[in-house]
Amino acid sequence: MSSSPTRTLWNLIVATALLTACAPSDEAGESAAAMEPMVVEVTAKDFDFELPRQIPSGWVTFRLENTGEQEHFLYVYRLPDDVTFQQFREGAMGAFGRVWNAYASGELDRAEAEAAFAEELPEYFFTDLTPSGGVALTEPGETAQSTLYLEPGTYVVECYVKTPQGTYHTERGMQKQLTVTEAASDAPEPQADARITLSNYEIALEGELGAGTRTVAVHVADTPEGFMAHDLNLIRLDEGTSLDEVVAWMDWMNLDQFRAPAPGHSLGGVEHMAAGKTAYMTVELVPGRYAWVSEAYGSRGMVREFTVE
(Lines give C-alpha, C1' and ligand atoms only; values in the text may rest on other atoms or scores of the structure.)
Protein backbone atom coordinates (compact mmCIF):
# COMPACT_ATOMS: atom_id res chain seq x y z
CA MET A 1 0.00 0.00 0.00
CA SER A 2 1.43 3.40 -0.95
CA SER A 3 1.71 6.17 1.68
CA SER A 4 -0.38 9.28 1.39
CA PRO A 5 1.39 12.65 1.02
CA THR A 6 0.15 13.63 4.49
CA ARG A 7 1.55 10.48 6.14
CA THR A 8 4.88 10.88 4.31
CA LEU A 9 5.21 14.48 5.50
CA TRP A 10 4.39 13.44 9.08
CA ASN A 11 7.03 10.67 9.05
CA LEU A 12 9.63 13.17 7.79
CA ILE A 13 8.80 15.60 10.59
CA VAL A 14 9.10 12.87 13.25
CA ALA A 15 12.41 11.58 11.86
CA THR A 16 13.86 15.10 11.74
CA ALA A 17 12.81 15.72 15.34
CA LEU A 18 14.42 12.48 16.51
CA LEU A 19 17.69 13.23 14.72
CA THR A 20 17.77 16.74 16.19
CA ALA A 21 17.15 15.41 19.71
CA CYS A 22 19.91 12.80 19.39
CA ALA A 23 22.52 15.10 17.84
CA PRO A 24 24.91 16.67 20.36
CA SER A 25 24.32 20.38 20.78
CA ASP A 26 27.11 22.93 21.03
CA GLU A 27 26.31 23.27 24.72
CA ALA A 28 26.57 19.50 25.21
CA GLY A 29 29.90 19.48 23.40
CA GLU A 30 31.20 22.32 25.56
CA SER A 31 29.97 20.51 28.67
CA ALA A 32 31.80 17.32 27.68
CA ALA A 33 34.97 19.29 26.98
CA ALA A 34 34.70 20.94 30.39
CA MET A 35 34.70 17.49 32.02
CA GLU A 36 38.15 16.70 30.61
CA PRO A 37 41.12 17.20 32.96
CA MET A 38 43.33 20.25 32.41
CA VAL A 39 46.77 18.66 31.95
CA VAL A 40 49.97 20.71 32.14
CA GLU A 41 52.95 18.82 30.76
CA VAL A 42 56.17 19.58 32.68
CA THR A 43 59.63 18.36 31.75
CA ALA A 44 62.26 18.32 34.49
CA LYS A 45 65.88 18.40 33.39
CA ASP A 46 69.23 18.77 35.10
CA PHE A 47 68.57 21.66 35.92
CA ASP A 48 65.51 23.31 34.44
CA PHE A 49 61.74 23.07 34.10
CA GLU A 50 59.95 23.25 30.77
CA LEU A 51 56.33 24.30 31.39
CA PRO A 52 53.91 27.04 30.29
CA ARG A 53 54.39 30.53 31.73
CA GLN A 54 50.68 30.75 32.60
CA ILE A 55 47.83 28.32 33.14
CA PRO A 56 44.12 28.60 34.02
CA SER A 57 42.87 28.42 37.59
CA GLY A 58 40.79 25.58 39.04
CA TRP A 59 41.66 21.88 39.01
CA VAL A 60 44.96 21.47 37.15
CA THR A 61 46.83 18.21 36.57
CA PHE A 62 50.63 18.47 36.45
CA ARG A 63 52.28 15.59 34.61
CA LEU A 64 55.99 15.68 35.47
CA GLU A 65 58.42 13.80 33.21
CA ASN A 66 61.91 13.57 34.68
CA THR A 67 64.36 13.43 31.78
CA GLY A 68 67.37 14.24 33.96
CA GLU A 69 69.84 12.00 35.75
CA GLN A 70 68.89 13.17 39.26
CA GLU A 71 65.66 13.11 41.28
CA HIS A 72 63.39 16.12 40.81
CA PHE A 73 60.06 17.35 42.12
CA LEU A 74 57.68 20.21 41.34
CA TYR A 75 56.73 22.25 44.42
CA VAL A 76 54.05 24.88 43.74
CA TYR A 77 53.32 27.75 46.12
CA ARG A 78 51.51 31.07 45.81
CA LEU A 79 53.11 34.43 46.59
CA PRO A 80 51.25 37.18 48.47
CA ASP A 81 49.49 39.57 46.08
CA ASP A 82 51.83 42.44 46.98
CA VAL A 83 55.09 40.48 46.43
CA THR A 84 56.55 40.03 42.95
CA PHE A 85 58.65 37.06 41.91
CA GLN A 86 61.70 39.31 41.65
CA GLN A 87 61.13 40.68 45.17
CA PHE A 88 60.79 37.10 46.42
CA ARG A 89 64.03 36.07 44.73
CA GLU A 90 65.98 39.03 46.10
CA GLY A 91 64.43 39.08 49.57
CA ALA A 92 63.42 35.61 50.71
CA MET A 93 65.79 33.52 48.61
CA GLY A 94 68.63 35.94 49.17
CA ALA A 95 68.20 35.65 52.94
CA PHE A 96 67.92 31.86 52.71
CA GLY A 97 71.14 31.67 50.73
CA ARG A 98 73.08 33.81 53.19
CA VAL A 99 72.01 31.72 56.18
CA TRP A 100 72.57 28.41 54.38
CA ASN A 101 76.04 29.40 53.24
CA ALA A 102 76.97 30.35 56.82
CA TYR A 103 75.65 26.99 58.00
CA ALA A 104 77.44 25.03 55.26
CA SER A 105 80.73 26.79 55.99
CA GLY A 106 80.52 25.96 59.70
CA GLU A 107 79.90 29.52 60.93
CA LEU A 108 76.52 28.37 62.33
CA ASP A 109 75.49 25.04 63.79
CA ARG A 110 72.12 23.54 62.90
CA ALA A 111 70.19 25.09 65.80
CA GLU A 112 71.72 28.49 65.08
CA ALA A 113 70.88 28.19 61.37
CA GLU A 114 67.26 27.28 62.09
CA ALA A 115 66.99 30.32 64.40
CA ALA A 116 68.63 32.51 61.75
CA PHE A 117 66.11 31.39 59.12
CA ALA A 118 63.30 32.53 61.42
CA GLU A 119 64.98 35.92 61.92
CA GLU A 120 66.28 36.64 58.42
CA LEU A 121 63.46 35.46 56.17
CA PRO A 122 60.69 38.04 55.57
CA GLU A 123 57.60 37.65 57.76
CA TYR A 124 55.38 36.86 54.78
CA PHE A 125 57.48 33.75 54.12
CA PHE A 126 55.92 32.19 57.23
CA THR A 127 52.49 33.85 57.20
CA ASP A 128 51.38 34.63 53.64
CA LEU A 129 52.98 32.11 51.31
CA THR A 130 50.43 29.45 50.36
CA PRO A 131 51.91 25.95 49.92
CA SER A 132 49.72 24.56 47.15
CA GLY A 133 51.07 21.08 46.47
CA GLY A 134 52.76 19.77 43.35
CA VAL A 135 54.38 16.55 42.18
CA ALA A 136 56.65 15.03 44.84
CA LEU A 137 60.01 13.29 44.33
CA THR A 138 60.24 11.60 40.94
CA GLU A 139 63.20 9.48 39.93
CA PRO A 140 65.07 9.77 36.60
CA GLY A 141 63.14 8.29 33.70
CA GLU A 142 59.85 8.30 35.63
CA THR A 143 56.66 10.30 34.94
CA ALA A 144 54.45 11.25 37.91
CA GLN A 145 51.12 13.05 38.07
CA SER A 146 49.27 15.15 40.65
CA THR A 147 46.13 17.28 40.42
CA LEU A 148 45.83 20.52 42.42
CA TYR A 149 43.22 23.23 42.88
CA LEU A 150 44.85 26.60 42.20
CA GLU A 151 43.42 30.06 42.82
CA PRO A 152 44.43 32.92 40.49
CA GLY A 153 47.72 34.56 41.42
CA THR A 154 51.50 34.49 41.06
CA TYR A 155 53.15 31.21 41.97
CA VAL A 156 56.65 29.84 42.32
CA VAL A 157 57.56 26.35 41.07
CA GLU A 158 60.81 24.83 42.23
CA CYS A 159 62.92 21.78 42.99
CA TYR A 160 65.40 21.95 45.88
CA VAL A 161 66.90 18.47 45.84
CA LYS A 162 70.69 18.75 46.19
CA THR A 163 73.24 17.67 43.64
CA PRO A 164 75.74 14.97 44.72
CA GLN A 165 78.06 17.89 45.55
CA GLY A 166 75.47 19.49 47.87
CA THR A 167 74.19 22.38 45.71
CA TYR A 168 70.43 22.98 45.72
CA HIS A 169 68.75 22.55 42.34
CA THR A 170 67.10 25.95 42.88
CA GLU A 171 70.55 27.50 42.67
CA ARG A 172 71.09 25.77 39.33
CA GLY A 173 67.92 27.26 37.79
CA MET A 174 65.04 25.09 39.00
CA GLN A 175 62.90 27.93 40.33
CA LYS A 176 60.45 29.76 38.06
CA GLN A 177 57.44 32.02 38.10
CA LEU A 178 54.03 30.63 37.11
CA THR A 179 50.96 32.81 36.57
CA VAL A 180 47.55 31.30 37.29
CA THR A 181 44.91 33.31 35.44
CA GLU A 182 41.40 34.41 36.41
CA ALA A 183 40.07 32.30 33.55
CA ALA A 184 39.20 28.88 35.00
CA SER A 185 39.81 25.49 33.43
CA ASP A 186 36.40 24.11 34.54
CA ALA A 187 38.08 20.71 34.79
CA PRO A 188 36.40 18.28 37.20
CA GLU A 189 37.72 17.21 40.59
CA PRO A 190 39.24 13.71 40.21
CA GLN A 191 37.60 10.59 41.61
CA ALA A 192 39.78 8.74 44.10
CA ASP A 193 40.30 5.02 44.80
CA ALA A 194 41.64 5.77 48.30
CA ARG A 195 42.14 8.74 50.61
CA ILE A 196 45.09 9.73 52.78
CA THR A 197 44.83 12.32 55.54
CA LEU A 198 47.98 14.03 56.83
CA SER A 199 47.77 15.30 60.40
CA ASN A 200 50.23 16.11 63.19
CA TYR A 201 51.94 13.59 62.83
CA GLU A 202 50.17 10.69 61.18
CA ILE A 203 49.43 9.27 57.75
CA ALA A 204 45.90 7.81 57.81
CA LEU A 205 44.72 5.69 54.86
CA GLU A 206 41.11 4.95 53.92
CA GLY A 207 40.62 2.31 51.23
CA GLU A 208 42.73 -0.41 49.66
CA LEU A 209 45.54 -0.01 47.14
CA GLY A 210 46.04 -2.98 44.82
CA ALA A 211 48.03 -3.36 41.62
CA GLY A 212 47.06 -1.18 38.68
CA THR A 213 46.45 2.51 38.03
CA ARG A 214 45.26 4.15 41.25
CA THR A 215 44.24 7.70 42.13
CA VAL A 216 44.76 8.73 45.76
CA ALA A 217 43.24 11.80 47.39
CA VAL A 218 45.69 13.48 49.78
CA HIS A 219 44.14 15.82 52.35
CA VAL A 220 46.06 18.01 54.80
CA ALA A 221 44.22 18.36 58.10
CA ASP A 222 46.70 20.30 60.27
CA THR A 223 49.33 22.99 60.24
CA PRO A 224 52.55 21.55 61.72
CA GLU A 225 54.75 23.42 64.14
CA GLY A 226 57.82 23.05 61.97
CA PHE A 227 59.37 25.06 59.18
CA MET A 228 57.36 23.35 56.44
CA ALA A 229 53.81 22.24 55.61
CA HIS A 230 52.86 18.57 55.23
CA ASP A 231 53.81 16.62 52.11
CA LEU A 232 53.68 12.99 50.94
CA ASN A 233 56.15 10.95 48.85
CA LEU A 234 55.59 7.48 47.44
CA ILE A 235 58.73 5.32 47.50
CA ARG A 236 59.08 1.78 46.14
CA LEU A 237 61.61 -0.01 48.29
CA ASP A 238 64.22 -2.42 46.98
CA GLU A 239 64.91 -5.59 48.92
CA GLY A 240 68.07 -4.06 50.38
CA THR A 241 66.63 -0.59 51.10
CA SER A 242 65.56 0.17 54.66
CA LEU A 243 62.81 2.64 55.51
CA ASP A 244 65.12 4.27 58.05
CA GLU A 245 67.58 4.98 55.25
CA VAL A 246 64.90 6.73 53.21
CA VAL A 247 63.71 8.83 56.17
CA ALA A 248 67.28 9.88 56.97
CA TRP A 249 67.88 10.86 53.33
CA MET A 250 64.81 13.16 53.38
CA ASP A 251 66.43 15.45 55.99
CA TRP A 252 67.29 18.47 53.81
CA MET A 253 68.87 20.31 56.77
CA ASN A 254 71.49 17.56 57.05
CA LEU A 255 74.41 18.78 54.96
CA ASP A 256 75.16 15.24 53.75
CA GLN A 257 71.55 14.26 52.96
CA PHE A 258 68.86 15.05 50.37
CA ARG A 259 71.56 14.65 47.73
CA ALA A 260 70.88 12.73 44.53
CA PRO A 261 70.67 9.79 44.13
CA ALA A 262 67.89 8.84 46.55
CA PRO A 263 67.51 5.41 48.12
CA GLY A 264 64.55 3.50 46.75
CA HIS A 265 62.45 4.48 43.74
CA SER A 266 60.71 7.88 43.92
CA LEU A 267 57.30 7.65 42.24
CA GLY A 268 55.78 11.07 42.90
CA GLY A 269 53.23 12.10 45.49
CA VAL A 270 51.99 15.50 46.62
CA GLU A 271 54.28 18.35 47.64
CA HIS A 272 53.74 20.63 50.65
CA MET A 273 50.18 21.93 51.08
CA ALA A 274 48.46 24.27 53.50
CA ALA A 275 45.94 22.83 55.97
CA GLY A 276 42.50 22.31 54.45
CA LYS A 277 43.76 21.60 50.94
CA THR A 278 43.27 18.36 49.00
CA ALA A 279 45.20 17.14 45.98
CA TYR A 280 45.18 13.92 43.98
CA MET A 281 48.03 11.73 42.76
CA THR A 282 47.72 9.03 40.10
CA VAL A 283 50.23 6.17 39.99
CA GLU A 284 50.69 2.77 38.40
CA LEU A 285 51.29 0.26 41.21
CA VAL A 286 53.06 -3.02 40.49
CA PRO A 287 53.62 -5.80 43.03
CA GLY A 288 56.26 -4.84 45.55
CA ARG A 289 57.09 -3.11 48.80
CA TYR A 290 56.24 0.57 49.17
CA ALA A 291 56.21 3.38 51.71
CA TRP A 292 54.46 6.71 52.12
CA VAL A 293 57.05 9.11 53.56
CA SER A 294 56.86 12.73 54.66
CA GLU A 295 59.94 14.69 53.66
CA ALA A 296 59.51 17.18 56.48
CA TYR A 297 58.22 14.92 59.27
CA GLY A 298 59.26 11.37 58.48
CA SER A 299 61.61 11.60 61.44
CA ARG A 300 58.55 12.30 63.62
CA GLY A 301 56.86 9.08 62.57
CA MET A 302 55.09 10.17 59.38
CA VAL A 303 55.84 6.99 57.43
CA ARG A 304 53.57 4.14 56.39
CA GLU A 305 54.86 0.99 54.74
CA PHE A 306 52.61 -1.27 52.61
CA THR A 307 52.85 -4.13 50.15
CA VAL A 308 51.11 -4.51 46.79
CA GLU A 309 50.48 -8.19 46.09
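Just above, that's the structure.
Every chain's residues receive numbers from 1 upward, in the order its sequence appears when written. Selection of residues for local features in this predicted model requires a pLDDT of at least 70, selection of side-chain atom pairs for listing and counting requires 80 or more, and totals for whole chains, interfaces and linings are taken over all residues. Based on all heavy atoms of the structure, the side-chain values leave hydrogens and waters out of the count.

(A) Summary view of the overall build of the protein chain. When you go through the protein chain residue by residue, the secondary structure sums to six helices and 16 strands. Here's how the labels work: a residue is buried when its accessible area is under 20% of the maximum for its type, exposed when over 50%, partly exposed in between, all with a 1.4 Å probe on protein chains only. Counting over 309 residues, the protein chain shows a buried share of 47%. We call two residues in contact whenever any of their non-hydrogen atoms come within 4.5 Å of each other. Sequence-distant contacts in the protein chain: of pairs separated by 6 or more residues, those separated by 24 or more amount to 72%. Accessibility throughout is a Shrake-Rupley quantity obtained with a 1.4 Å probe, and a residue counts as covered only by protein chains that appear here. Accessible surface, the protein chain: about 15200 Å² in total, of which carbon and sulfur atoms supply 48%. For helices the rule is a DSSP run of H or I covering at least 4 residues; for strands it is a run of E covering at least 2, with both sets numbered from the N terminus onward.

(B) Region of interest: the pattern of salt bridges. A pair is scored as a salt bridge if a Lys or Arg side-chain nitrogen falls within 4 Å of a carboxyl oxygen belonging to Asp or Glu. Under the criterion given, the structure shown has seven salt bridges. When the shortest N-O distance is used, the salt bridge between aspartate 48 and lysine 176 registers 3.0 Å. Linking aspartate 48 in strand β2 (residues 48–50) with lysine 176 in strand β8 (residues 175–184), this pair joins segments that are 128 residues apart in sequence. Residue classification places lysine 176 among the partly exposed positions, given a relative accessible area of 28%.

(C) Region of the structure containing the nonpolar core. Here, nonpolar core refers to any group of buried Ala, Val, Leu, Ile, Met, Phe, Trp, Tyr and Cys residues whose side-chain atoms link them within 4.5 Å. Core analysis: the largest hydrophobic core is formed by 86 residues, its most contacted members being Phe49, Phe62, Phe88 and Trp292. Tallying contributions element by element places helix α3 (residues 85–104) first for this core, with nine residues. When neighbours within four sequence positions are excluded, phenylalanine 88 is seen to be in contact with Tyr77, Leu79, Val83, Met93, Tyr124, Phe125, Leu129, Val156 and Gln175.

(D) Quick peek at the packing of aromatic side chains. Within 6.5 Å between ring centres, the rings of Phe, Tyr and Trp (the latter by its six-membered ring) count as paired, and their orientation is classed by plane angle as stacked under 30 degrees, edge-to-face over 60, tilted in between. On inspection of all chains with the given rule, the structure shows 23 aromatic pairs. Aromatic pair tyrosine 201 and tyrosine 297: ring centres 5.4 Å apart, planes at 50°, arrangement tilted. One end of the pair, tyrosine 201, is in the loop between β9 (194–199) and β10 (202–206); the other, tyrosine 297, is in the loop between β15 (288–293) and β16 (303–308), with 96 residues separating them in the sequence. Judged by centre distance (5.8 Å) and plane angle (40°), the rings of phenylalanine 227 and tryptophan 252 are tilted. Of the two residues, phenylalanine 227 sits in the loop between β11 (212–220) and β12 (230–237) while tryptophan 252 sits in the loop between α6 (243–249) and β13 (265–273), which places them 25 residues apart along the sequence. Since its relative accessible area comes to 9%, tryptophan 252 is described here as buried. Through pairs of rings, three or more aromatic residues link up here, namely Phe96, Trp100, Tyr103, Phe117, Phe125, Phe126, Tyr168, Phe227 and Trp252.

(E) Spotlight on the packing of α3 against helix α4 (residues 110–120). Across the interface, α3 lies against α4 with an axial gap of 10 Å and an inter-helix angle of 165°. Put simply, α3 runs roughly antiparallel to α4. The handedness of the crossing between α3 and α4 is right-handed. Here Ala95, Phe96, Val99, Trp100 and Tyr103 of α3 come into contact with α4, specifically with Arg110, Ala113, Ala116, Phe117 and Glu120. Residue composition of the contact of α3 with α4, by class: eight nonpolar, no polar and two charged. Helix axes are fitted only over the stretch in contact, all axes being lines through C-alpha atoms; the angle between N-to-C directions runs from 0 to 180 degrees. For classification purposes, an angle smaller than 35 degrees is called roughly parallel, one larger than 145 roughly antiparallel, one from 65 to 115 roughly perpendicular, and anything else oblique. Handedness of a crossing is defined here by the sense of rotation of the near helix relative to the far one, left-handed for an anticlockwise turn of less than a right angle and right-handed for a clockwise turn. Three classes are used, and their members are as follows: Ala, Val, Leu, Ile, Met, Phe, Trp, Tyr, Cys and Pro are nonpolar, Asp, Glu, Lys and Arg are charged, and the others, Gly among them, are polar.

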